[in-house]
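# Notes for the structure review
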Amino acid sequence: MSVLINGKELAKEIRLELKEKVEKENLSPMLAVILCGDDAASKVYVRNKSKACDEVGIKFKEYLLPSETKQEELLSLIDKLNNDSEVDGILLQSPIPKGLNIEEAFARISPEKDVDGFNPYNVGKLVIGEDGFIPCTPYGIMKMFEKYNIDLHGKKAVVIGRSNIVGKPTAQCLLSKNATVTICHSKTKDLKEELKEADVIVAAVGVRALVKADMVKDGVVVIDVGMNRNDEGKLCGDVDFEEVSKKASYITPVPGGVGPMTIAMLMNNVVKAHIQRNHKR
Ligand code: NAP
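Okay, so let's go over this structure. Predicted, not measured: the structure shown is a model, and the values here were computed from it.

Moving on to unusual backbone geometry. With omega at 5°, the peptide bond leading from Ser 94 into Pro 95 counts as cis. Summarising the element assignment, Pro 95 is placed in the loop between β4 (89-92) and α4 (102-108). Its identity is not glycine, yet Asn 178 carries a phi of approximately 70°, on the positive side. Tracing the backbone through its elements, the reader meets Asn 178 in the loop between α7 (167-176) and β6 (180-184).

Next comes the structure, spelled out in C-alpha coordinates:
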(Lines give C-alpha, C1' and ligand atoms only; values in the text may rest on other atoms or scores of the structure.)
Protein backbone atom coordinates (compact mmCIF):
# COMPACT_ATOMS: atom_id res chain seq x y z
CA MET A 1 0.00 0.00 0.00
CA SER A 2 1.31 3.41 -0.89
CA VAL A 3 1.97 6.50 1.20
CA LEU A 4 -0.48 9.25 0.37
CA ILE A 5 1.27 12.55 -0.31
CA ASN A 6 -0.97 14.97 1.52
CA GLY A 7 -0.74 18.18 -0.49
CA LYS A 8 -3.57 19.77 1.43
CA GLU A 9 -1.78 19.40 4.78
CA LEU A 10 1.59 20.42 3.37
CA ALA A 11 0.09 23.49 1.70
CA LYS A 12 -1.50 24.48 5.02
CA GLU A 13 1.90 24.23 6.74
CA ILE A 14 3.50 26.39 4.04
CA ARG A 15 0.77 29.03 4.29
CA LEU A 16 1.18 29.11 8.06
CA GLU A 17 4.96 29.52 7.82
CA LEU A 18 4.45 32.36 5.35
CA LYS A 19 1.86 34.03 7.56
CA GLU A 20 4.29 33.93 10.50
CA LYS A 21 7.04 35.40 8.32
CA VAL A 22 4.79 38.20 7.06
CA GLU A 23 3.79 39.09 10.62
CA LYS A 24 7.22 38.75 12.19
CA GLU A 25 9.02 40.76 9.52
CA ASN A 26 6.19 43.24 9.17
CA LEU A 27 5.89 42.63 5.42
CA SER A 28 3.14 44.06 3.23
CA PRO A 29 3.11 41.95 0.04
CA MET A 30 0.52 42.55 -2.65
CA LEU A 31 -0.72 40.34 -5.48
CA ALA A 32 -2.60 41.73 -8.48
CA VAL A 33 -4.67 39.21 -10.44
CA ILE A 34 -6.04 39.87 -13.91
CA LEU A 35 -9.09 37.87 -14.88
CA CYS A 36 -10.07 38.37 -18.49
CA GLY A 37 -13.35 36.94 -19.79
CA ASP A 38 -15.86 34.83 -17.91
CA ASP A 39 -14.43 31.34 -17.68
CA ALA A 40 -16.26 29.72 -14.74
CA ALA A 41 -13.33 27.56 -13.57
CA SER A 42 -10.99 30.57 -13.65
CA LYS A 43 -13.32 32.45 -11.33
CA VAL A 44 -13.10 29.59 -8.81
CA TYR A 45 -9.29 29.49 -9.07
CA VAL A 46 -9.08 33.25 -8.51
CA ARG A 47 -11.40 33.01 -5.50
CA ASN A 48 -9.19 30.29 -4.01
CA LYS A 49 -6.09 32.42 -4.56
CA SER A 50 -7.79 35.37 -2.91
CA LYS A 51 -8.70 33.22 0.13
CA ALA A 52 -5.10 31.99 0.44
CA CYS A 53 -3.83 35.59 0.24
CA ASP A 54 -6.19 36.56 3.06
CA GLU A 55 -4.91 33.73 5.19
CA VAL A 56 -1.23 34.59 4.67
CA GLY A 57 -1.64 38.37 4.96
CA ILE A 58 -1.06 39.23 1.31
CA LYS A 59 -3.08 42.15 -0.08
CA PHE A 60 -5.11 41.04 -3.08
CA LYS A 61 -6.26 43.22 -5.97
CA GLU A 62 -8.46 41.79 -8.70
CA TYR A 63 -8.80 43.31 -12.17
CA LEU A 64 -11.77 42.03 -14.16
CA LEU A 65 -11.60 42.59 -17.90
CA PRO A 66 -14.49 41.80 -20.28
CA SER A 67 -14.22 39.13 -23.00
CA GLU A 68 -14.03 41.83 -25.70
CA THR A 69 -10.83 43.26 -24.23
CA LYS A 70 -8.23 44.16 -26.85
CA GLN A 71 -4.61 43.06 -26.62
CA GLU A 72 -3.43 46.69 -26.21
CA GLU A 73 -5.82 47.17 -23.28
CA LEU A 74 -4.52 44.04 -21.58
CA LEU A 75 -0.91 45.10 -22.14
CA SER A 76 -1.62 48.58 -20.88
CA LEU A 77 -3.09 47.19 -17.64
CA ILE A 78 0.04 45.05 -17.21
CA ASP A 79 2.19 48.16 -17.79
CA LYS A 80 0.20 50.02 -15.16
CA LEU A 81 0.70 47.20 -12.63
CA ASN A 82 4.41 46.94 -13.53
CA ASN A 83 4.72 50.61 -12.62
CA ASP A 84 2.65 50.42 -9.44
CA SER A 85 5.26 50.32 -6.68
CA GLU A 86 2.82 48.71 -4.22
CA VAL A 87 2.23 45.66 -6.43
CA ASP A 88 4.73 42.84 -5.85
CA GLY A 89 3.23 40.09 -7.99
CA ILE A 90 1.16 40.09 -11.18
CA LEU A 91 -0.80 37.03 -12.23
CA LEU A 92 -2.69 36.72 -15.48
CA GLN A 93 -5.25 33.95 -15.00
CA SER A 94 -5.37 31.55 -17.96
CA PRO A 95 -7.13 30.81 -20.20
CA ILE A 96 -7.79 34.24 -21.68
CA PRO A 97 -10.32 34.83 -24.48
CA LYS A 98 -9.45 33.66 -27.98
CA GLY A 99 -7.84 36.34 -30.09
CA LEU A 100 -5.64 37.57 -27.26
CA ASN A 101 -1.98 36.63 -27.22
CA ILE A 102 -1.16 35.18 -23.80
CA GLU A 103 2.55 34.65 -24.52
CA GLU A 104 2.96 38.33 -25.37
CA ALA A 105 1.10 39.23 -22.19
CA PHE A 106 3.26 36.95 -20.01
CA ALA A 107 6.37 38.45 -21.59
CA ARG A 108 5.12 41.95 -20.72
CA ILE A 109 4.94 41.20 -16.97
CA SER A 110 8.03 42.57 -15.32
CA PRO A 111 10.32 39.61 -14.46
CA GLU A 112 10.62 40.82 -10.85
CA LYS A 113 6.80 40.66 -10.47
CA ASP A 114 6.36 37.47 -12.52
CA VAL A 115 5.20 35.26 -9.63
CA ASP A 116 3.86 32.60 -12.03
CA GLY A 117 7.29 32.27 -13.65
CA PHE A 118 5.96 32.40 -17.23
CA ASN A 119 7.99 35.36 -18.50
CA PRO A 120 10.71 34.06 -20.87
CA TYR A 121 13.33 35.66 -18.62
CA ASN A 122 12.31 33.45 -15.69
CA VAL A 123 11.86 30.44 -17.99
CA GLY A 124 15.47 30.97 -19.07
CA LYS A 125 16.65 31.26 -15.49
CA LEU A 126 15.04 27.92 -14.68
CA VAL A 127 16.73 26.31 -17.67
CA ILE A 128 20.21 27.59 -16.78
CA GLY A 129 19.72 26.82 -13.08
CA GLU A 130 19.69 30.39 -11.75
CA ASP A 131 17.41 31.68 -9.03
CA GLY A 132 14.21 33.16 -10.49
CA PHE A 133 10.51 32.48 -10.20
CA ILE A 134 9.63 28.82 -10.72
CA PRO A 135 6.09 28.16 -12.02
CA CYS A 136 3.86 27.31 -9.05
CA THR A 137 2.70 23.80 -10.01
CA PRO A 138 6.20 22.36 -10.70
CA TYR A 139 7.48 24.20 -7.64
CA GLY A 140 4.73 22.62 -5.53
CA ILE A 141 5.60 19.18 -6.92
CA MET A 142 9.28 19.64 -6.03
CA LYS A 143 8.30 20.72 -2.50
CA MET A 144 6.34 17.49 -2.11
CA PHE A 145 9.39 15.41 -3.09
CA GLU A 146 11.47 17.40 -0.62
CA LYS A 147 9.02 17.14 2.29
CA TYR A 148 8.55 13.40 1.80
CA ASN A 149 12.31 12.85 1.42
CA ILE A 150 11.93 11.35 -2.03
CA ASP A 151 15.38 11.27 -3.57
CA LEU A 152 15.42 11.95 -7.31
CA HIS A 153 19.14 11.56 -7.89
CA GLY A 154 19.71 9.12 -10.77
CA LYS A 155 16.04 8.13 -10.86
CA LYS A 156 14.15 7.51 -14.08
CA ALA A 157 11.40 10.15 -14.23
CA VAL A 158 8.68 10.34 -16.86
CA VAL A 159 6.61 13.50 -17.27
CA ILE A 160 3.42 13.08 -19.30
CA GLY A 161 2.48 16.42 -20.86
CA ARG A 162 4.69 19.14 -22.35
CA SER A 163 2.82 22.37 -21.63
CA ASN A 164 4.81 25.50 -20.81
CA ILE A 165 2.87 25.77 -17.54
CA VAL A 166 3.36 22.28 -16.12
CA GLY A 167 5.07 19.61 -18.23
CA LYS A 168 8.20 21.38 -19.48
CA PRO A 169 9.09 23.25 -16.27
CA THR A 170 8.45 20.09 -14.22
CA ALA A 171 10.85 18.16 -16.45
CA GLN A 172 13.41 20.93 -15.99
CA CYS A 173 13.01 20.84 -12.20
CA LEU A 174 13.44 17.05 -12.14
CA LEU A 175 16.55 17.36 -14.30
CA SER A 176 17.99 19.92 -11.88
CA LYS A 177 17.69 17.23 -9.18
CA ASN A 178 19.67 14.79 -11.33
CA ALA A 179 16.78 12.61 -12.47
CA THR A 180 16.97 11.09 -15.95
CA VAL A 181 13.93 12.65 -17.57
CA THR A 182 11.65 11.55 -20.40
CA ILE A 183 8.80 13.77 -21.61
CA CYS A 184 5.76 12.11 -23.19
CA HIS A 185 2.94 13.80 -25.11
CA SER A 186 0.07 13.07 -27.44
CA LYS A 187 2.42 11.93 -30.22
CA THR A 188 4.31 9.47 -28.00
CA LYS A 189 4.08 6.09 -29.76
CA ASP A 190 3.81 3.76 -26.76
CA LEU A 191 3.14 5.41 -23.42
CA LYS A 192 3.10 2.10 -21.55
CA GLU A 193 6.57 1.29 -22.85
CA GLU A 194 7.87 4.65 -21.60
CA LEU A 195 6.24 4.30 -18.18
CA LYS A 196 7.01 0.72 -17.32
CA GLU A 197 10.56 1.34 -16.01
CA ALA A 198 9.82 4.75 -14.46
CA ASP A 199 10.73 5.35 -10.81
CA VAL A 200 8.77 8.60 -10.84
CA ILE A 201 5.76 9.57 -12.96
CA VAL A 202 4.27 13.05 -13.19
CA ALA A 203 1.00 13.02 -15.12
CA ALA A 204 -0.07 16.45 -16.43
CA VAL A 205 -2.42 15.68 -19.28
CA GLY A 206 -6.10 16.28 -18.58
CA VAL A 207 -7.26 12.77 -19.53
CA ARG A 208 -9.10 10.84 -16.87
CA ALA A 209 -7.48 7.55 -15.73
CA LEU A 210 -4.90 7.62 -18.52
CA VAL A 211 -2.28 5.97 -16.29
CA LYS A 212 -3.36 2.45 -15.39
CA ALA A 213 -1.87 -0.09 -12.99
CA ASP A 214 -0.53 -2.35 -15.76
CA MET A 215 1.57 0.56 -17.10
CA VAL A 216 3.63 1.15 -13.96
CA LYS A 217 6.15 -0.81 -11.91
CA ASP A 218 5.93 -1.68 -8.22
CA GLY A 219 7.21 1.06 -5.96
CA VAL A 220 6.74 3.89 -8.45
CA VAL A 221 6.21 7.45 -7.13
CA VAL A 222 3.17 9.02 -8.79
CA ILE A 223 2.30 12.71 -8.94
CA ASP A 224 -1.09 13.35 -10.50
CA VAL A 225 -1.52 16.92 -11.76
CA GLY A 226 -4.62 16.27 -13.87
CA MET A 227 -7.94 17.86 -13.01
CA ASN A 228 -10.82 16.12 -14.69
CA ARG A 229 -14.44 15.32 -13.84
CA ASN A 230 -15.78 11.78 -13.63
CA ASP A 231 -19.29 10.74 -14.69
CA GLU A 232 -20.70 11.89 -11.34
CA GLY A 233 -19.04 15.28 -11.77
CA LYS A 234 -16.43 14.58 -9.09
CA LEU A 235 -12.90 15.91 -9.48
CA CYS A 236 -10.37 13.24 -10.51
CA GLY A 237 -6.86 13.07 -11.91
CA ASP A 238 -5.04 11.48 -14.85
CA VAL A 239 -4.22 8.36 -12.85
CA ASP A 240 -6.45 5.39 -12.02
CA PHE A 241 -5.93 6.05 -8.32
CA GLU A 242 -7.74 2.95 -6.99
CA GLU A 243 -5.53 0.52 -8.88
CA VAL A 244 -2.24 2.42 -9.21
CA SER A 245 -2.13 3.20 -5.47
CA LYS A 246 -1.86 -0.57 -4.85
CA LYS A 247 1.51 -0.61 -6.65
CA ALA A 248 2.93 2.85 -5.93
CA SER A 249 5.23 3.67 -3.01
CA TYR A 250 3.95 7.26 -2.92
CA ILE A 251 0.99 8.83 -4.68
CA THR A 252 -0.87 12.14 -4.67
CA PRO A 253 -4.67 12.18 -4.46
CA VAL A 254 -6.95 14.37 -6.58
CA PRO A 255 -8.28 16.49 -4.99
CA GLY A 256 -5.93 17.28 -2.11
CA GLY A 257 -2.59 16.74 -3.86
CA VAL A 258 -0.96 19.08 -6.34
CA GLY A 259 -3.81 21.66 -6.45
CA PRO A 260 -3.37 23.15 -2.96
CA MET A 261 0.42 23.09 -3.35
CA THR A 262 0.16 25.21 -6.50
CA ILE A 263 -1.59 27.97 -4.56
CA ALA A 264 0.78 27.68 -1.58
CA MET A 265 3.79 28.16 -3.88
CA LEU A 266 2.12 31.18 -5.47
CA MET A 267 1.91 32.68 -1.98
CA ASN A 268 5.57 31.81 -1.49
CA ASN A 269 6.51 33.55 -4.75
CA VAL A 270 4.57 36.71 -3.86
CA VAL A 271 6.31 36.99 -0.48
CA LYS A 272 9.65 36.34 -2.20
CA ALA A 273 8.93 39.06 -4.80
CA HIS A 274 8.02 41.51 -2.05
CA ILE A 275 11.22 40.83 -0.12
CA GLN A 276 13.40 41.07 -3.22
CA ARG A 277 11.74 44.25 -4.47
CA ASN A 278 12.17 45.93 -1.13
CA HIS A 279 15.74 44.71 -0.68
CA LYS A 280 14.72 43.22 2.63
CA ARG A 281 17.14 40.37 2.24
P1 NAP B 1 -2.31 21.18 -21.69
O2 NAP B 1 -1.66 22.47 -21.99
O3 NAP B 1 -3.60 20.83 -22.33
O4 NAP B 1 -1.25 20.03 -21.99
C5 NAP B 1 -1.61 18.68 -21.96
C6 NAP B 1 -0.46 17.84 -22.42
O7 NAP B 1 -0.86 16.48 -22.41
C8 NAP B 1 0.01 18.14 -23.85
O9 NAP B 1 1.42 18.21 -23.88
C10 NAP B 1 -0.51 16.98 -24.67
O11 NAP B 1 0.33 16.62 -25.75
C12 NAP B 1 -0.49 15.86 -23.66
N13 NAP B 1 -1.43 14.80 -23.96
C14 NAP B 1 -2.71 14.91 -24.33
N15 NAP B 1 -3.26 13.69 -24.52
C16 NAP B 1 -2.29 12.79 -24.27
C17 NAP B 1 -2.22 11.38 -24.29
N18 NAP B 1 -3.28 10.64 -24.60
N19 NAP B 1 -1.05 10.79 -23.96
C20 NAP B 1 0.04 11.52 -23.62
N21 NAP B 1 0.03 12.86 -23.58
C22 NAP B 1 -1.12 13.49 -23.90
O23 NAP B 1 -2.58 21.02 -20.14
P24 NAP B 1 -1.81 21.62 -18.84
O25 NAP B 1 -2.14 23.05 -18.69
O26 NAP B 1 -0.40 21.18 -18.82
O27 NAP B 1 -2.62 20.82 -17.71
C28 NAP B 1 -2.63 19.41 -17.65
C29 NAP B 1 -3.63 18.95 -16.61
O30 NAP B 1 -3.22 19.45 -15.34
C31 NAP B 1 -5.05 19.48 -16.80
O32 NAP B 1 -5.96 18.53 -16.33
C33 NAP B 1 -5.11 20.71 -15.91
O34 NAP B 1 -6.41 21.02 -15.48
C35 NAP B 1 -4.25 20.24 -14.76
N36 NAP B 1 -3.59 21.32 -14.00
C37 NAP B 1 -3.63 21.22 -12.67
C38 NAP B 1 -3.00 22.16 -11.89
C39 NAP B 1 -3.05 22.03 -10.41
O40 NAP B 1 -2.65 22.95 -9.71
N41 NAP B 1 -3.49 20.91 -9.88
C42 NAP B 1 -2.32 23.23 -12.48
C43 NAP B 1 -2.26 23.29 -13.89
C44 NAP B 1 -2.90 22.31 -14.63
P45 NAP B 1 0.59 17.60 -27.02
O46 NAP B 1 1.57 18.62 -26.53
O47 NAP B 1 1.17 16.71 -28.05
O48 NAP B 1 -0.73 18.19 -27.38
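This paragraph deals with the environment of Pro 253. Looking at the element boundaries, Pro 253 is found in the loop between β11 (250-251) and α10 (258-277). Between the C-alpha atoms of Pro 253 and Asn 6, which are 247 residues apart in sequence, the distance is 7.6 Å. Not counting residues up to four positions away in its chain, the partners in contact with Pro 253 are Leu 4, Ile 5 and Phe 241.

What follows is about the nonpolar core. Grouped together as the largest cluster of nonpolar side chains are 51 residues, with contacts concentrated most on Leu 31, Phe 145, Leu 174, Ile 223 and Met 267. Counting residues per element, this core draws most heavily on α10, which supplies 11 residues.

Evaluated as defined, the whole model comprises 16 salt bridges. Residues Arg 208 and Asp 231 are paired through a salt bridge, measuring 3.2 Å at the closest nitrogen-oxygen approach. With Arg 208 in the loop between β7 (200-203) and β8 (221-224) and Asp 231 in the loop between β9 (228-229) and β10 (235-236), this pair connects stretches of sequence that are 23 residues apart. When its relative accessible area of 38% is taken as the criterion, Arg 208 is described as partly exposed. Taking relative accessible area as the criterion, Asp 231 reaches 67% and is therefore assigned exposed. With a closest N to O distance of 3.3 Å, Glu 243 and Lys 246 form a salt bridge. You can call Glu 243 partly exposed: its relative accessible area is 33%.

Reading the values: rules and limits
- Residues numbered from 1 in each chain as written.
- Predicted model: local features only at pLDDT ≥ 70, side-chain atom pairs only at ≥ 80, totals over all residues.
- Heavy atoms only, no water.
- Helix = DSSP H or I, 4+ residues; strand = E, 2+ residues; numbered from the N terminus.
- Contact = heavy atoms within 4.5 Å.
- Core = buried A, V, L, I, M, F, W, Y, C linked by side-chain atoms within 4.5 Å.
- Buried < 20%, exposed > 50% of the residue type's maximum accessible area, 1.4 Å probe, protein only.
- Salt bridge = Lys/Arg side-chain N within 4 Å of Asp/Glu carboxyl O.

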